[in-house]
Amino acid sequence: PIRVAGANRAETAVAVADHYFGSDPKRVTFAYGGNFPDCISGGFLARYMEAPILYGDSKVPKPYADADAPYIAYCGAYSAYVLGGASLISDQFIIDLLTY
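Keep in mind it's a predicted model, so treat the numbers as computed, not measured.

Calculation rules
- Residue positions are given per chain, counted from 1 along the sequence in the order it is written.
- Under the rules for a predicted model, residues below a pLDDT of 70 receive no local features and side-chain atom pairs below 80 are neither given nor counted, while totals for whole chains, interfaces and linings still include all residues.
- With hydrogens and water stripped out, all remaining heavy atoms of the structure feed into the side-chain values.
- Aromatic rings from Phe, Tyr and Trp, with only the six-membered ring used for Trp, were paired whenever their centres fell within 6.5 Å, and each pair was classed as stacked if the ring planes differed by under 30 degrees, edge-to-face if by over 60, and tilted otherwise.
- In DSSP terms, a helix is any run of H or I states spanning at least four residues, a strand is any run of E spanning at least two, and both are numbered starting from the N terminus.
- To sort residues, take the accessible area from a 1.4 Å probe on protein chains only and compare it with the maximum for the residue type: under 20% means buried, over 50% means exposed, and anything in between is partly exposed.
- Note on definitions: angles span 0 to 180 degrees between N-to-C directions of axes, and those axes are lines fitted to C-alpha atoms, for helices only across the stretch in contact.
- Here is the rule for angles: anything less than 35 degrees is roughly parallel, anything more than 145 is roughly antiparallel, 65 through 115 is roughly perpendicular, and the remaining ranges are oblique.
- In this scheme the crossing of two helices becomes right-handed for a clockwise turn of the near helix relative to the far one and left-handed for an anticlockwise turn of less than a right angle.
- Whether two residues are in contact is decided by their heavy atoms, any of which lying within 4.5 Å being enough.
- Three classes are used: nonpolar for Ala, Val, Leu, Ile, Met, Phe, Trp, Tyr, Cys and Pro, charged for Asp, Glu, Lys and Arg, and polar for all others, with Gly counted as polar.
- Points on a 1 Å grid, built from protein atoms alone, make a cavity when a 1.4 Å probe fits but cannot get out and make a pocket when they are open with protein on both sides within 12 Å along at least 5 of 7 lines; residues with an atom within 4 Å of a point are the lining residues.
- Grid points are joined across faces, edges and corners, and a volume is the space filled by probe spheres set on the points.
- Multiplying 1.5 Å by the helix residue count minus one yields the expected span of that helix.
- Regarding the arc, it is the one traced by the directions from the helix axis to the C-beta atoms.
- Two N or O atoms count as a polar contact when they lie within 3.5 Å, although within protein this holds only if one can serve as hydrogen donor and the other as acceptor, and sequence-adjacent residues are included solely when both atoms are side-chain atoms.

Draft legend 1. Up close: the packing of aromatic side chains. The full count for this structure, using the stated rule, is three aromatic pairs. An angle of 70° between the planes, with centres 6.4 Å apart, marks the rings of phenylalanine 36 and tyrosine 55 as edge-to-face. Here tyrosine 55 lies in strand 2 (residues 53-56) and phenylalanine 36 lies in the loop between strand 1 (27-32) and helix 2 (37-48), a separation of 19 residues in the sequence. Looking at tyrosine 55, the relative accessible area reads 7%, which means it is buried.

Structure below.
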């Protein structure tokens, strides 16, 4: 078995993205970090579009931004697919990360 893990779900998502996509993706997919349905349903889209899933949550953005921002800067992602409503992951959260 190969284990890929982080200290929390946001860091685990980044670790998975880095392990399987490295620095290649120029876009990422965001799923709400409070539960998993968007992530599960978006997995095929993310793989097909070569845009790894990262987590976000506009109500508690710091742990997600702290995990996501270094990876986005590392791979140079400049666009994103966002799963779920704007009340869960706001456009501003995404813009802030993509222009970090």
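Draft legend 2. Structural detail: the packing of helix 1 (residues 9-21) against helix 3 (residues 61-75). Two elements in contact, helix 1 and helix 3, have axes separated by 8 Å at closest approach and are oriented at 15°. Regarding the angle of helix 1 to helix 3, the classification is roughly parallel. In the packing of helix 1 onto helix 3, the handedness of the crossing is right-handed. When helix 1 is examined against helix 3, the residues Arg9, Ala10, Glu11, Val14, Ala17, Asp18 and Phe21 are found in contact with a partner set consisting of Pro63, Tyr64, Ala67, Asp68, Tyr71 and Tyr74. For the contact of helix 1 with helix 3, the per-class residue count stands at nine nonpolar, no polar and four charged.

Draft legend 3. The layout of surface pockets, seen in detail. Estimates place the volume of the largest pocket at around 210 Å³. Along its surface, the largest pocket is lined by 13 residues, and Val16, Ala17, Phe21, Pro52 and Ile53 are the ones closest to its centre. A total of five residues in the lining of the largest pocket trace back to one element, the largest contributor, which is helix 1. A breakdown of the residues in the lining of the largest pocket according to their chemical character gives eleven nonpolar, one polar and one charged.

Draft legend 4. The arrangement of helix 1 in detail. If you check helix 1, its first and last C-alpha atoms are 18 Å apart, about what 13 residues at 1.5 Å a residue would give, namely 18 Å. For helix 1, the full list of buried residues reads Ala10, Ala13, Val14, Ala17 and Phe21. Viewed end-on, helix 1 has its buried residues packed into an arc of 95°, placing them on one side of the element. Of the surrounding secondary structure, the elements contacted by the buried residues of helix 1 are helix 2, strand 2 and helix 3. Between the side-chain oxygen at the start of helix 1 and the backbone nitrogen of alanine 10 there is a gap of 3.0 Å, and the oxygen is on asparagine 8. Glycine 22, located one to two residues past helix 1, shows a positive phi value of around 60°.

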